[in-house]
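# Structural overview
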Amino acid sequence: MESFEHVYKQYAQFIYKFLLSNCHDESIAQELTQETFYQAYRSLKSYDGSCKVSTWLCSIAKRLYAAYLRKHPSTIDLDDSMIASAQVDPVDKIRLLKAIRKLSEAQKEVIYLRMYGDLSFAQIGEVMEHSENWSRVTFYRAKEKLRKEMENDG
């Protein structure tokens, strides 16, 4: 096999995109990409050349992503326009809207502005007369409450 540095340069972006297409989270994809190449380097002697390097790396990445999912059970992703998304079935929409009703008024408004209004956190802060950071924290805390409520309800 060619030098490992060459392998990294040639396939790092490919593996990153592969992982990103699975997890939809840039930081997780970056972390798993690095771990993929670390594991590949550690097991370099076991690579027998019976498949393409890209196939071998993807199998490592796939295994690592599966391990990540076991350690971090999937949570409900409430980022951006989830309610408007066709991916959410009507039963989940109703459960989500019921859960939103249980939030504080400020949390509800931030959720609605983010999800329905498609506003940035800076814009939400401006509308709510708070800082961008306040908007981010409020949205995060509301998401966590909704996630817990949805888990308890489901």
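Heads up: the structure comes first, above all this text.
Residues numbered from 1 in each chain as written. Predicted model: local features only at pLDDT ≥ 70, side-chain atom pairs only at ≥ 80, totals over all residues. Heavy atoms only, no water.

## Quick look at the pattern of salt bridges
Any two side chains of opposite charge can pair, on the condition that their charged atoms come close. Applying the stated criterion across every chain, the model contains five salt bridges. With a closest N to O distance of 2.8 Å, lysine 102 and glutamate 149 form a salt bridge. With lysine 102 in the loop between helix H4 (90-101) and helix H5 (105-115) and glutamate 149 in helix H7 (residues 132-153), this residue pair connects regions lying 47 residues apart in the sequence. For glutamate 149, a relative accessible area of 26% translates into the label partly exposed. Glutamate 105 is the salt-bridge partner of lysine 108, the closest N and O atoms lying 3.1 Å from each other. One end of the pair is lysine 108 and the other is glutamate 105, both in helix H5 and three residues apart, which spans about a single turn. (Salt bridge = Lys/Arg side-chain N within 4 Å of Asp/Glu carboxyl O. Helix = DSSP H or I, 4+ residues; strand = E, 2+ residues; numbered from the N terminus. Buried < 20%, exposed > 50% of the residue type's maximum accessible area, 1.4 Å probe, protein only.)

## Points about the packing of aromatic side chains
Two aromatic rings, taken as a pair, are described by how far apart their centres are and by the angle between their planes. Overall, the coordinates contain five aromatic pairs when judged by the stated rule. For the ring pair phenylalanine 4 and tyrosine 41, a centre distance of 5.2 Å and an interplane angle of 65 degrees mean the geometry is edge-to-face. Pair noted here: phenylalanine 4 is in helix H1 (residues 4-23) and tyrosine 41 is in helix H2 (residues 26-42), with a separation of 37 residues, a long-range link. Here tyrosine 8 and phenylalanine 37 contribute two aromatic rings whose centre-to-centre distance is 4.8 Å and whose plane-to-plane angle is 75 degrees, an arrangement assigned as edge-to-face. Within this pair, whereas tyrosine 8 is found in helix H1, its partner phenylalanine 37 is found in helix H2, the two being separated by 29 residues in sequence. One residue, arginine 114, lies across the ring of phenylalanine 121, its end atom 4.1 Å from the ring centre. Between the NZ or CZ atom of arginine 114 and the centre of the ring of phenylalanine 139, over which it lies, the distance is 5.9 Å. (Phe/Tyr/Trp six-rings, centres within 6.5 Å; stacked < 30°, edge-to-face > 60°. Lys NZ or Arg CZ within 6 Å of the ring centre and 35° of its normal.)

## Considerations on the state of the cysteines
Scanning the entire structure with this criterion turns up zero disulfides. Summary of cysteine pairing: cysteine 51 is not part of a disulfide, and the nearest cysteine sulfur, belonging to cysteine 58, is at 10.0 Å. Since its relative accessible area comes to 14%, cysteine 58 is described here as buried. (Disulfide = S-S within 2.5 Å.)

## Section: the nonpolar core
Grouped together as the largest cluster of nonpolar side chains are 22 residues, with contacts concentrated most on Ile15, Leu19, Phe37 and Leu57. For this core, the elements supplying multiple residues, two or more each, are H1, H2 and helix H3 (53-71). Membership of the second largest hydrophobic core comes to 16 residues, among which are Ala99, Leu113, Leu119 and Phe139. (Core = buried A, V, L, I, M, F, W, Y, C linked by side-chain atoms within 4.5 Å.)

## Structural notes on the environment of glutamine 34
With respect to the helices and strands, glutamine 34 occurs in helix H2. We classify glutamine 34 as partly exposed; its relative accessible area is 45%. Taking the C-alpha atoms as reference points, glutamine 34 and tyrosine 16, separated by 18 residues in sequence, lie 8.8 Å from one another. In terms of polar contacts, glutamine 34 uses its side chain to reach the side chain of tyrosine 8, at 3.1 Å. (Polar contact = N/O pair within 3.5 Å; in protein donor to acceptor, adjacent residues only side chain to side chain.)

## Notes on the side chain of arginine 147
Summarising the element assignment, arginine 147 is placed in helix H7. Overall, the relative accessible area of 15% leaves arginine 147 in the buried class. Within the local environment of arginine 147, its side chain forms a polar contact with the side chain of glutamate 144, the two groups lying 2.8 Å apart.

## A look at H3
Counted at 1.5 Å a residue, the expected span for H3 with its 19 residues is 27 Å, and the 27 Å between its end C-alpha atoms agrees. Every buried residue of H3 is listed here: Val53, Ser54, Trp56, Leu57, Cys58, Ile60, Ala61, Leu64 and Tyr65. If you follow the buried residues of H3, they end up packed against H1 and H2. (Expected span 1.5 Å × (residues − 1). Contact = heavy atoms within 4.5 Å.)

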